[in-house]
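Descriptive structure summary
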Amino acid sequence: MKIKTQFLFSVSRTFFNTIPKTPVEKTRLAAVSTITTASALINENFAEQFKNDDTKRGCLDGDIAKLRMINYSIRCLNALNFSRKGFSEITNQMVGKALHAFCIVGSVNLSVFHNNTLINMYSKLGNIDHARYVFDKMCQRNGASWSTMLSGYVRVGLYQEAGELFCQMWGMGVEPNGFMIASLITSCSRSGSMVDEGFQVHGFVVKIGMFSDVYVGTALVHFYGSIRLPYNAQMIFEEMPDCNVVSWTSLMVGYSDSGNPGEVINAYQRMRRNGVSGNQNTFATVTSSCGLLEDRFLGYQVLGHVIQNGFDGNVSVANSLISMFSSFSNVEEACYVFDSMNECDTISWNAMISAYAHHGLCRESLICFHSMRHLHDETNSTTLASLLSVCSSVDNLKWGRGIHGLVVKSGLDSNVCICNTLLTLYSQAGRSEDAELAFRAMTETDLISWNSMMACYVQDGNCLDGLKLLTELLQMVKGMNHVTFACALAACSHPEFLTEGKIVHALIIVSGFHDDLIVGNALITMYCKLGMTMEAKQVFQTMPQPDRVTWNALIGGHAENEEPNEAVKAYKSMREKGTPGNYITMVNVLGACSSPDDLLKRGKPFHAHIVCTGYESDDYVKNSLITMYAKCGDLDLSNYIFAGLSNKSSITWNAMVAANAHQGRGEEALKLFNEMRNEGVVLDQFSFSGGFSATANLGVLEEGQQLHGLVIKLGFQSDLHVTNAAMDMYGKCGEMHDVLKILPRPINRSRLSWNILISASARHGCIQKGIETFHEMLEHGSKPDHVTFVSLLSACNHGGLVDEGLAYYDSMTNEFGISPGIEHCVCIIDLLGRSGRLSEAESFIKNMPVPPNDLAWRSLLAACRIHGNFELGRKTAEHLLESDPSDDSAYVLYSNICATSGRWNDVEFLRKQMGSKNVKKQPACSWVKIKDKVHSFGIGDKNHHHPQAIQIRAKLGELMKTTKEAGYVADTSFALHDMDEEEKEYNLWNHSERIALAFGLMNTPENSTLRVFKNLRVCGDCHSVYKFVSEIVGRKIVLRDPYRFHHFSSGKCSCGDYW
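Numbering of residues begins from 1 in every chain and follows the order in which that chain's sequence is written. In view of the model being predicted, local features appear only for residues whose pLDDT reaches at least 70, and side-chain atom pairs are presented and counted only at 80 or more, with totals across whole chains, interfaces and linings using the full set of residues. Hydrogens and water molecules were not included; the side-chain quantities draw on all heavy atoms of the structure.

1. Notes on the overall build of the protein
This is how it is decided: By definition, any uninterrupted DSSP run of H or I lasting at least four residues is a helix, any uninterrupted run of E lasting at least two residues is a strand, and each is numbered from the N terminus. Atoms counted for the radius of gyration: C-alpha only. Globule rule: 2.2 Å times residue count to the power 0.38. Residue burial is assigned from relative accessible area. The probe radius is 1.4 Å, only protein chains are included, and a residue is buried under 20% of its type maximum, exposed over 50%, and partly exposed in between. The Shrake-Rupley method, run with a 1.4 Å probe, gives the accessible areas here. Residue values count only the displayed protein chains as cover. The charge count includes Lys and Arg as positive and Asp and Glu as negative, but it does not include His or the ends of the chains. One atom stands in for each charge, and that atom is NZ of Lys, CZ of Arg, CG of Asp or CD of Glu.
A tally of regular secondary structure across the protein gives 59 helices and six strands. Radius of gyration (C-alpha) of the protein: 42 Å, far over the 31 Å computed for a compact globule of 1059 residues. Projected onto its principal axes, the C-alpha coordinates of the protein cover approximately 145 × 75 × 55 Å. Within the span of the protein, comprising 1059 residues, buried residues form 49% of the whole. On the protein, roughly 50,400 Å² of surface is accessible, and the fraction owed to carbon and sulfur atoms is 52%. Across the protein, the centroid of the 94 positively charged side chains sits 4 Å from that of the 109 negatively charged ones.

Here you go:
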């Protein structure tokens, strides 16, 4: 007690020890006299103490200013004010303490009223200990004393102490009033952990019969609203005999906090019908609800009421108006409200920054933040969180990093909400490494942090890391929610994680989340992506209330798995169940149509249905129609729809570029890409993927390099999808060195990255590199899929590694659980056949796990052509022609076998059959790109209309002479016509790849790499010529055929003469 007293008197002891003691009087004049005397003595002692003290004068300037302020404040307290208002108007703690000290030193006996105002002053200024000290020292208390002390505890957040004080009061027999009960209920509302106590107070209110008190009723309405029980709040509200504006507003706030803006509007309309006018809190809540409902008409009506009631200048109402207009996508009106405000608080600035951020206006958000720092000089976690959200892209990442620096500088890096926003920033910018660093540096994490990091891994393709994080979360025995399981299921949506997906499904059932709608939707999506549509349907059938998202997931799953009948069937069931579709539904059904047969049976009829339902005007649906017609082989209709669009978005352009690239119209795709740029359409990762696909199919390296330069210029080089597309382009354009140059680090590679590298290595004859890449992929924890094994088996095929290929084929099923597809089987047939193991190849076809198609038989027939096996070739050709009598390759390959065997009568018979059935052989064609022009050549084109025909003929003669001198001997077995050897050799020099070679050597710089392309497999004799020429002219020559690249240099080929 002594220590508290000394502290309380500390302000007065130094300067006021000379104040004469005034006898105790019970009149208010004593207090006035003390104040007047104290004020005079401040000046006298102040001047005397510091008159000649030069050493103190410099260091006590701050104290001098404070004393002057105290003196001025005390002079302002005249007898009338203090007697009527006591300490209630004091807003400065030093002034209040000084005045309190004067009263004590002057032996002023403060009344109960003055003590109550003193308690109120200390609690308002946050000094609750002094307030309680005064309360405890009071000789006499009234109800207001208890009420003031109780509300003081609530004001400073000491809710438990408020409850204890109320119990003490009740124990002393003091009857509570409405204000006390209301304060007690408010403490239960604000605490967040005193819900049971709130229920007890409610029972107490009913017991003592104070429910009719408007303050108590309003406090109860607010309490139930704060604990997300709005309908309980409404029941109490309906039973209240009298309701004021605060009661109505409390009800609205409860509905708003519970995410029910529609009920807020209903309550507001009822309040107006009852003749009650709103206050600033009412209008702030109602305008926010209009924004959440995105109801413009209603919002402008409420704005009229705001202006009519004179609240348009209120800061909190204006803040809500800014948010409302932002929800209406009307940033201009939000700016107008903000600029019209006479006074702005931190919430105002945050609302404006958030409005800009919500619409992706990064520059405007940063400018507003700059102004805020200079004009307002106060920011908080909400400010920085909004800025981080708008910087969450590759383009704006540099600004996001700057805001991250401010977070650290401001000491907010320990704030969980801010750190979670940082995780989102780096995740959406594709920087999972930075997100992981931020996550591991967090001093405190919540479930949102873990979910965000898991989603980041999954989004970046690091599914294994996402599942490891789930394991870590399970080991920490932390709670999980539906978002956790949705992220985990997304991580399992790849065939290699099938087992893990089933384990997560089991965890969901054990944890009781199997009936959760979001989790159910995620389960359907996972099983569909794993190709297990039956399991997806089983999950669907167990869901209690599937919504539109559920139906869309199921329909989309059938479409992805090429089950058009099931997709259409599911759509019909959806309509029968009364669930309305949306544009996503239409897109999914259209995606199920991928063949000419689908177009006639389902595509066009569904297009008619789309027109009838009014979805034809939707941009996404239009894009899907373009894609559907293109996939089904009708590019004319795709172009027709595209041409008819008045407003073409980037999505529309991307769809058209991809459609042309998919159908082999690479030149048209590149033209569209350039038109897209000229139209000023913003390019994205999908634009570049389509562009790279077109350049890869055409094999035009220069255009691909230009695209890659544009990628770097626009900052997309860190996008993994774009990087993969660029790698694929370089691989298909013959630049293996550039593939390796842009290859991401192993830790950052997606499975697609690994697959592209293996495929490119195989295509370029780097067989060992492809196999090593496969094992490196396994070492880094990335599981292979069916595409991986197609590339790996192709590498073994190109390298003649029969035993290794067969071993990998077995491990695909036994070790990795991947069922063989037709592509894998074709690789094995080709591998066995080309190595001469024809009987094994034939046996494999008979016993393969999937029915053989034309590719399988064609591979065997080509192997018979290489090894001259006439009988097996005849049987194989019969299989091919039986399934497709118009297959020109069957006739050609079988004819070649007959020619090689000297069966010229059979050759003639086959040619007559082709003529009678109007089957035309695909003509051989080779081309060379010089600058911006492609020069193509067919067989014998050196003698026709090419402007350089004479020079080409002369160059071919020169090459024939020099190669023979170097030791070349023509292999006339590749001349498949019945003529003498000289004519056969002459015909060989008419092959298109030799004409292209002669033209390329004439028109390209001597030291450059010459690139030649051919549409069919390169002739064996031409392959020998290319080897000789590469040594004679001392140049690198790259020849690309449909199967692989041949890199000729110094008389050798990268294929090792095995292709």
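2. A look at the side chain of Ser-348
Using the following cut-off: Within 3.5 Å is the distance limit for a polar contact, defined as a pair of N or O atoms, with the added protein rule that one can donate a hydrogen and the other accept it, and that residues adjacent in sequence qualify only through two side-chain atoms. Contacts between residues were defined by any pair of non-hydrogen atoms, one from each residue, lying within 4.5 Å.
On the secondary structure map, Ser-348 appears in helix H22 (residues 346-358). Residue Ser-348 is classed as buried on the basis of its relative accessible area, which comes to 0%. A distance of 2.6 Å separates polar atoms of two side chains, one belonging to Ser-348 and the other to Asn-319. Not counting residues up to four positions away in its chain, the partners in contact with Ser-348 are Val-315, Asn-319, Ile-322, Phe-338 and Met-341.

3. Examining the pattern of salt bridges
In plain terms, the rule: Throughout this description, the term salt bridge denotes a Lys or Arg side-chain nitrogen within 4 Å of a carboxyl oxygen of Asp or Glu.
If you walk through the whole model with that rule in mind, you get 31 salt bridges. Here Arg-1011 and Glu-735 are joined by a salt bridge, their closest N and O atoms 2.2 Å apart. In this pair, Arg-1011 is assigned in strand E3 (residues 1010-1014) and Glu-735 in the loop between helix H44 (720-732) and helix H45 (736-742), connecting sequence segments 276 residues apart. Comparing Arg-1011 with Glu-735 shows no difference in burial state: the two are buried. Salt bridges sharing partners connect three or more residues here, namely Arg-401, Arg-431 and Asp-434.

4. Considering the sheet that holds strand E1 (residues 925-930)
Basically, it comes down to this: Any two strands are treated as partners once DSSP identifies two or more bridges connecting them.
Sheet architecture is open: six strands sit in the order E2-E1-E3-E4-E5-E6, paired in mixed fashion. Of all the strands in the sheet, the pair left with one neighbour each is strand E2 (933-938) and strand E6 (1052-1053). Alignment of strand E5 (residues 1045-1049) against E6, held across two bridges, turns out to be antiparallel. When the sheet's bridge partners are listed, Phe-1048 is paired in E6 with Cys-1053.

5. Overview of the environment of Glu-823
Mapped onto the elements, Glu-823 comes out in helix H50 (residues 822-834). When the C-alpha atoms of Glu-823 and Ser-791 are compared, they prove to be 9.8 Å apart, with 32 residues separating the residues in sequence.

6. Quick word on the packing of aromatic side chains
This is how it is decided: Side-chain rings of Phe, Tyr and Trp, where Trp is taken by its six-membered ring, are said to pair if the distance between their centres is within 6.5 Å; with planes under 30 degrees apart they count as stacked, over 60 as edge-to-face, and otherwise as tilted. When the NZ atom of lysine or the CZ atom of arginine is within 6 Å of a ring's centre and also within 35 degrees of its normal, the charge is said to sit over that ring.
Enumeration over the complete set of coordinates arrives at 33 aromatic pairs. Taken together, Phe-774, Phe-789, Tyr-808 and Phe-816 form an aromatic cluster joined through their ring pairs. Against the face of Tyr-1043 rests Arg-1017, its NZ or CZ located 4.0 Å from the ring centre.

7. Notes on the confidence of the model for the protein
Here is the rule: The pLDDT value tells you how sure the predictor is about a given residue, anywhere from 0 up to 100.
Per-chain confidence: the protein averages 86 in pLDDT, with 91% of residues scoring 70 or above. A low-confidence stretch, residues 1-60 (pLDDT under 50), is modelled with 63 contacts involving residues beyond four sequence positions or located in other chains.

8. Re the packing of helix H30 (residues 482-491) against helix H32 (residues 517-529)
We count it as follows: A fitted line through C-alpha atoms represents every axis, and for helices the fit uses only the stretch in contact; the resulting angles, taken between N-to-C directions, go from 0 to 180 degrees. To sort the angles, those under 35 degrees are grouped as roughly parallel, those over 145 as roughly antiparallel, those from 65 to 115 as roughly perpendicular, and the leftovers as oblique. Only Asp, Glu, Lys and Arg are considered charged, only Ala, Val, Leu, Ile, Met, Phe, Trp, Tyr, Cys and Pro nonpolar, and every remaining residue, Gly among them, polar.
One way to put it is that H30 packs onto H32 with a least axis distance of 9 Å and a crossing angle of 5°. Judged by the angle between their axes, H30 and H32 are roughly parallel. Between H30 and H32, the residues in contact are His-482, Phe-485, Ala-486 and Leu-489 and Ile-518, Val-519, Ala-522, Leu-523 and Met-526, respectively. Residue composition of the contact of H30 with H32, grouped by class: eight nonpolar, one polar and no charged.

9. A word on a negative patch on the surface
The condition is simple: Nonpolar side chains (Val, Leu, Ile, Met, Phe, Trp, Tyr) are joined into patches within 5 Å and like charges within 9 Å, using only residues with over 30% relative accessible area and no salt bridge.
On the surface, a cluster of negative charge is contributed by Glu-667, Glu-668, Glu-675 and Glu-679. On the secondary structure map, Glu-679 appears in the loop between helix H41 (666-678) and helix H42 (685-698).

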